[in-house]
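Structure at a glance
Each chain, letter by letter, is given below.
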Amino acid sequence: MEGLVFHVDVNSAFLSWEAAKRVSMGEPDLRLIPSAIGGDREKRTGVILAKSIPAKKRGVKTGEPVGMALRKCPELYLARPDFRLYEKCSHSFMDICAEYTPIVEKYSIDECFLDMNGTKNIYPDPIATAHEIKDRIKRELGFTVNIGIGSNKLLAKMASDFEKPDKVHTLFSHEIEQKLWHLPVRELFGVGASTADKLERSFILTVGELARLDIGILHSLVGAKLGDYLHNAANGIDDSPVLDHPEKAKGYSNSTTLENDVTGVEEANKILLALADTTAARMRADGARAHCISVTIRGNDFRDRSHQRKLDEATDITTEIFDVCRSLFSELWDRKTPLRLLGVALTNITYDEEVQMSLFEDERKEKARALDKTVDSIRTKFGSATIMRGVTYKSSLDVGKKHKAQMENMKKD
Ligand SMILES: [Mg+2]
């Protein structure tokens, strides 16, 4: 029996969300003028993260430097990114989607898959249902989406990409030949630029040509694994399930977009401590420990950088995690670029029973564990705002201060 999956994709998400917010406050609609999200107009730094259709018509491209975009379109209106707003809008539209099926997979901040297989009795007409979802998002939240309807995730995703904005498209198995096969190979989901180059050099130009290509030849071109994927994808075959949440937490992470740019180590360390603490608490609640810790920073150039460290022994202790975070951060940051975002991730998770504590495990570690337990239990009872770790970790922050003082002394010397 043929499956039924919807793929919901917000049209120029960051720009639409900023525009919808402004329209709700009675301001002009950014979607109707050449406008873009990203960078700094005066300093002409940063890159374009999203653009309006009028800006697109003027040649403005996502990912290009702001300076270049302004040369093509001097009257381009630039709005600053607002990741808090994006998170909020992302939740809001996915909440509407979740009213139609219990299985919603968040694919990215502005895209989700809906498993509609179990809903055929309640919603017998999938096209009408997709229109209803699309129109409700537009009416209630003020921005438009495309919805692709397909027999599986791959076809639904390809369908949502057809014509934009504010459209519903279908791509069922019986429509593959008519709707999918004329597309250039590089538009097929999962075909990267280098694979596309390789295929085009062998005169495989359309998805249809790829679909009908002898599998042996395809294997010799791109290898067996990718070859099998491409053969299936071009023929519309995909059996990956819509996952309402990742099977088992692969890790725990938390990040924060900073209201004001952070420019000092001490300030950054305080934020890292809060992140390490809240992330570790979630992990402890699941009885898990991490073998790997990573820190991500985003400068005001919107470039993300991260470093990670593998530990010999898995940990769930906040102080240990924070110490690693602090050292990763000091390796990462050039102490010049103002910071827009800080993030901490705990991965390589183990759920083993508590490791037999080594006889030589020092008292300090036991005390730290006991402290974490106390903090966690108070937090569970009274909410997360009740406890500030700052005082407890004053000593670690002082180390940072000392280090800073030393650095300054060295400079003086
Ligand atoms: Mg989108």
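The notes below deal with the structure included here. Computed from a prediction, not measured in an experiment: that's the story for all the values here. (Residues numbered from 1 in each chain as written. Predicted model: local features only at pLDDT ≥ 70, side-chain atom pairs only at ≥ 80, totals over all residues. Heavy atoms only, no water.)

Examining the coordination of the magnesium ion
The protein atoms that coordinate the magnesium ion are D9 (OD), V10 (O) and D110 (OD), at distances of 2.1 to 2.4 Å. Mapping the donors of the magnesium ion onto the primary sequence gives the spacing D-V-x99-D. With V10 in strand 1 (residues 5-10) and D110 in the loop between strand 5 (104-108) and strand 6 (111-115), this pair connects stretches of sequence that are 100 residues apart. Residue V10 is classed as buried on the basis of its relative accessible area of 4%. The buried category is assigned to D110, whose relative accessible area is 15%. (Donors = N, O, S within 2.8 Å, 3.2 Å for Na, K, Ca; no water. Helix = DSSP H or I, 4+ residues; strand = E, 2+ residues; numbered from the N terminus. Buried < 20%, exposed > 50% of the residue type's maximum accessible area, 1.4 Å probe, protein only.)

A closer look at the sheet that holds strand 3 (residues 50-51)
Strands sit in the order 3-2-4 across an open sheet of 3 strands; the sheet is mixed. Bordering the open sheet on either side are strand 3 and strand 4 (77-79), each of which pairs with just one other strand. Direction of pairing for strand 2 (residues 35-37) relative to strand 3: antiparallel, over a ladder of 2 bridges. Paired with A36 across the bridge in strand 3 is K51. Along the sheet, helix 1 (residues 13-24) makes contact with strand 2, strand 3 and strand 4, crossing strand 2 at roughly 110°. (Pairing = 2+ DSSP bridges. Contact = heavy atoms within 4.5 Å. Axes fitted to C-alpha atoms, helices over the stretch in contact; angles between N-to-C directions.)

Some thoughts on the sheet that holds strand 9 (residues 251-262)
Strands sit in the order 9-12-10-11 across an open sheet of 4 strands; the sheet is antiparallel. Edge positions in the open sheet fall to strand 9 and strand 11 (304-315), since each of these has one partner strand only. Adjacent strand axes in the sheet meet at a mean angle of 15°, parallel and antiparallel pairs treated alike. The sheet contact formed by strand 10 (residues 289-299) and strand 11 spans 8 bridges and is antiparallel. Looking at the pairing, R298 lines up with D304 of strand 11. Packed onto the sheet, helix 13 (residues 318-332) meets strand 10, strand 11 and strand 12 (339-350) and runs at close to 145° relative to strand 11.

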